Amino acid sequence: GVQSCFAGVFLVKKVSAVQSLSIVALDALRVDAAPEGFPAKALAADDPILWEVEESLGCVLEPGIVIEAEWCELENELCFISLLKSVAPQWPTTFASQVGDNSNDEA
């Protein structure tokens, strides 16, 4: 059963196919308040989690994708999403900060 819940923004680091499933390794970029109903999992930035998904979803995930969601962790330490908020590549944030840094070089 569910042992804890948490929320935040996580970066996909690695996707591994296992039988008809995929195990996705993610690192916390930002930890938000946990959803109510289960004990909150203590997490900090850069903490890793493992997310179990169907292989059909795992094959479209790749390192660098950022997922914002509410999560539940099972007793086997694998997680699932209870509320998906957003899925996006990490590059828009990185690109925007690089564009801002380069604007001073054009003068």
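Please refer to the structure placed before this passage.
Residues numbered from 1 in each chain as written. Predicted model: local features only at pLDDT ≥ 70, side-chain atom pairs only at ≥ 80, totals over all residues. Heavy atoms only, no water.

**Focus on unusual backbone geometry**
With a phi close to 55 degrees, glutamine 19 is a non-glycine residue in the positive phi region. Of note, glutamine 19 is situated in the loop between strand 1 (2–18) and strand 2 (21–32). With a phi angle near 75 degrees, glutamate 77 is a residue other than glycine that sits in the positive phi range. Residue class for glutamate 77 comes out exposed when judged on its relative accessible area of 52%. (Helix = DSSP H or I, 4+ residues; strand = E, 2+ residues; numbered from the N terminus. Buried < 20%, exposed > 50% of the residue type's maximum accessible area, 1.4 Å probe, protein only.)

**So, the pattern of salt bridges**
Overall, the coordinates contain four salt bridges when judged by the stated rule. Across the pair lysine 85 and glutamate 70 runs a salt bridge, and its minimum N-O distance is 3.9 Å. Residue lysine 85 is found in strand 5 (residues 78–89), and its partner glutamate 70 is found in strand 4 (residues 65–74); the two are separated by 15 residues along the sequence. Overall, the relative accessible area of 18% leaves glutamate 70 in the buried class. Salt bridges sharing common partners tie together Arg30, Asp32 and Glu68. (Salt bridge = Lys/Arg side-chain N within 4 Å of Asp/Glu carboxyl O.)

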